[in-house]
Amino acid sequence: MLVLVVNAGSSSLKYQLLNMDDESVLAKGNCDRIGIGGHVSHKTADGRTVDEDCSFPTHTEAFQKLVEVLTTGDAAVIKSMDEISAVGHRIVQGAEVFDRPCLVTPEIIDQIDELRELAPVHNHAHALALRACSAVIPATTPQVVVFDTAFHQTMPPKAYMFGLPYEDYETYHVRKYGFHGTSHRFVSAALAEAMGKDIKDLKIVSCHLGNGSSITAVDGGKCVDTSMGFTPLDGLLMGTRCGAVDPSAVTYVADKHGFTPDEMSQYMNKKSGFLGVSGVSSDNRDLTAAAAEGNDRAKLAGEMLAYEIQKYIGSYAAAMNGLDAVLFTGGIGENSWEVREAVCKNMSFFGIEIDEALNRSTRGELMKLSTADSKVEVWIVPTNEELLIARDTLALISK
Ligand code: AMP
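Below, the structure is looked at part by part.

## Quick look at the overall build of the protein
Here is step 1: Helix and strand content of the protein: 15 helices and 14 strands.
Here is step 2: Against the globule reference of 21 Å for 399 residues, the protein gives a C-alpha radius of gyration of 21 Å, in line with a compact fold.
Here is step 3: For the protein, buried positions account for 50% of its 399 residues.
Here is step 4: In the protein, once contacts between residues fewer than 6 apart in sequence are set aside, the share between residues at least 24 apart is 59%.
Here is step 5: Total accessible area computed for the protein in this model is approximately 18,400 Å², and 51% of it derives from carbon and sulfur atoms.

Right under this line is the structure:
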């Protein structure tokens, strides 16, 4: 059974075509520069590629190109879209409306679009892509939406409420939603399997560290708290995002620079984080290289990240009243031994001990890093959000 997974942004349409009989990827690619030009890059599992400029005035033309490269030309992998059993879409914000994947209908698309105020960059683009997809693929092909926020809907109110007047929650839906939920769900389940334990018996801190980073406390398979908040700006220091700061510092800085709310939001989302603190780069590799060459601000950004992660691990161990395992995932979590080492040093109070040589030599693969004596297991667990979206899609259409 073939499932197409789509991850649409405002100007891009990333996709993967998976054969769910063996969960292999047949082809993947990206139709990007939507609205400002158009480009498709497409690669099949056996190495055939398409790389060309196109014209994508809207998501519809991008979807038509996606269908074209999948079904025709030298890098085609299917003859017709009828061979695809279903399409699964990643949706960033499901708010309190969606706590699980669901089948796409015109009403569901409208509901996703209505949540655009809570995720201005993402949800409207998702709705555009869903409408474009519905217009292009066969009407008989079911579509499923899988929400980044859904896994976090199990948080109790004490974890998701802010200390603002309650009316702001009731009227404007201001609360912590959390993001990266598909990743946290995938890796925590994969970790339980790797540990040979039932996830119901595990207390896990899941550290998804990438350009965007979030940490989630997973108790018995359920999210009980997470570091991202109302938007993906909260929590940890990220590539260009500041993470949590005193709200009074925000209003003070906006006032000093004469920023409007939108300008301040841009400042915190695009000019801050690793980039803002180091002045070097938003990319962890550049930061690590600059720190090694003696750049103090790059070193500081790295220290801030590791310290914040340590504090989250500690506070989530307290929140769950226990800790069985810490996992690292995402581009940084899977690949940067430096960040993992900096986090796991001085955590012996929590019973965390890692094999430093093993940590330094391991990249991007499922691996237990903790020593036999470590009271808490530490793992690298590669994430695969597309695969989970495809699994969810298949599960829903099989019902
Ligand atoms: P993601 O958003 O999950 O793709 O992660 C992107 C981040 O992962 C960037 O900050 C990269 O610098 C970092 N990253 C990717 N590969 C490596 C690597 N080999 N070593 C260290 N950091 C890496």
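## A word on helix H11 (residues 296-320)
Here is step 1: With 25 residues, H11 should cover 36 Å at 1.5 Å per step; its first-to-last C-alpha distance of 36 Å lies within 8% of that length.
Here is step 2: The N-cap residue of H11 is Asn295: its side-chain oxygen and the backbone nitrogen of Arg297 are 3.0 Å apart.
Here is step 3: One or two steps after H11, the chain reaches Asn321, where phi turns positive at roughly 55 degrees.

## Considerations on the site of the ligand
Here is step 1: Around the ligand sit Gly210, Asn211, Asp283, Asn284, Arg285, Gly330, Gly331, Ile332, Asn335, Ser336 and Arg363, and those are all the residues in its vicinity.
Here is step 2: At a separation of 2.4 Å, an oxygen atom of the ligand approaches a polar side-chain atom of Asp283.
Here is step 3: Burial of the ligand by the protein chains amounts to 74% of its free accessible area of 500 Å².
Here is step 4: Sorting the residues of the shell around the ligand by element identifies helix H10 (284-292) and helix H12 (330-335) as the ones contributing at least two each.
Here is step 5: Ranked by residues supplied to the shell around the ligand, first place goes to H12 with four residues.
Here is step 6: Of the residues contributing to the shell around the ligand, the split by class is one nonpolar, seven polar and three charged.

## Brief notes about the nonpolar core
Most often, soluble globular proteins have nonpolar side chains that are buried together.
Here is step 1: Counting 34 residues, the largest nonpolar core has Val205, Ile309, Ile313 and Val326 as its most contacted members.
Here is step 2: Mapped onto this core, the elements with two or more residues apiece are strand S9 (203-209), strand S10 (213-219), H10, H11, strand S12 (325-329), helix H13 (337-344) and strand S14 (377-380).
Here is step 3: Residue contributions to this core peak at ten residues, all from H11.
Here is step 4: Here Val205 is in contact with Ile215, Thr216, Ile313, Tyr316, Met320, Leu323, Ala325, Val326 and Leu327, once residues within four sequence places are set aside.
Here is step 5: Ala192, Ile204, Leu387 and Leu396 belong to the second largest nonpolar core, which has 30 residues in total.

## Topic: the pattern of salt bridges
Here is step 1: Under the defined criterion, the tally for this structure stands at 18 salt bridges.
Here is step 2: Residue Glu52 pairs with Lys65 through a salt bridge whose shortest N-O separation is 3.0 Å. In this pair, Glu52 is assigned in strand S5 (residues 49-53) and Lys65 in helix H1 (residues 59-71), connecting sequence segments 13 residues apart.
Here is step 3: Using a relative accessible area of 11% as the deciding quantity, one classes Lys65 as buried.
Here is step 4: Asp225 is the salt-bridge partner of Lys176, the closest N and O atoms lying 2.9 Å from each other. Of this pair, Lys176 sits in the loop between helix H5 (166-172) and helix H6 (181-195) while Asp225 sits in strand S11 (residues 222-226); the two residues are 49 residues apart in sequence, bridging distant segments of the chain. The pair formed by Lys176 and Asp225 is uniform in burial state, with each residue classed as buried.
Here is step 5: Via salt bridges that share partners, Asp110, Asp113, Arg116 and Arg131 belong to a single interconnected network.

## As for the side chain of Thr216
Here is step 1: If you trace the backbone, Thr216 turns up in strand S10.
Here is step 2: A polar atom in the side chain of Thr216 sits 2.7 Å from the side chain of Thr226.
Here is step 3: Apart from the residues lying within four places of it in its own chain, the contact partners of Thr216 are Phe151, His152, His184, Ile204, Val205, Ser206, Cys223, Asp225, Thr226 and Tyr316.

## Some thoughts on the sheet that holds strand S1 (residues 2-8)
Here is step 1: Strand order across the open sheet formed by eight strands is S5-S4-S3-S2-S1-S6-S8-S7, with mixed pairing between neighbours. Among the strands making up the open sheet, the edge pair consists of S5 and strand S7 (102-103).
Here is step 2: Bridge analysis of strand S3 (residues 24-32) against strand S4 (residues 39-44) gives six bridges, and the strand direction is antiparallel. Each residue of the ladder has a partner; that of Asp32, found in S4, is His39.
Here is step 3: Packing against the sheet, helix H2 (residues 106-114) makes contact with strand S6 (84-91), S7 and strand S8 (143-147), and its axis sits at approximately 25 degrees to S8.
Here is step 4: The strands that helix H15 (residues 385-398) touches are S1, strand S2 (12-19), S6, S7 and S8; relative to S6, the one it contacts most, it runs at about 125 degrees.

Criteria and cut-off values
Residues numbered from 1 in each chain as written. Predicted model: local features only at pLDDT ≥ 70, side-chain atom pairs only at ≥ 80, totals over all residues. Heavy atoms only, no water. Helix = DSSP H or I, 4+ residues; strand = E, 2+ residues; numbered from the N terminus. Rg over C-alpha atoms; globule rule 2.2 N^0.38 Å. Buried < 20%, exposed > 50% of the residue type's maximum accessible area, 1.4 Å probe, protein only. Contact = heavy atoms within 4.5 Å. Areas by Shrake-Rupley, 256 points an atom, 1.4 Å probe, with all protein chains shown as cover. Expected span 1.5 Å × (residues − 1). Polar contact = N/O pair within 3.5 Å; in protein donor to acceptor, adjacent residues only side chain to side chain. Near = heavy atom within 4 Å. Nonpolar A, V, L, I, M, F, W, Y, C, P; charged D, E, K, R; others polar. Core = buried A, V, L, I, M, F, W, Y, C linked by side-chain atoms within 4.5 Å. Salt bridge = Lys/Arg side-chain N within 4 Å of Asp/Glu carboxyl O. Pairing = 2+ DSSP bridges. Axes fitted to C-alpha atoms, helices over the stretch in contact; angles between N-to-C directions.

So far we have only geometry, and geometry alone does not tell us how the molecule works.
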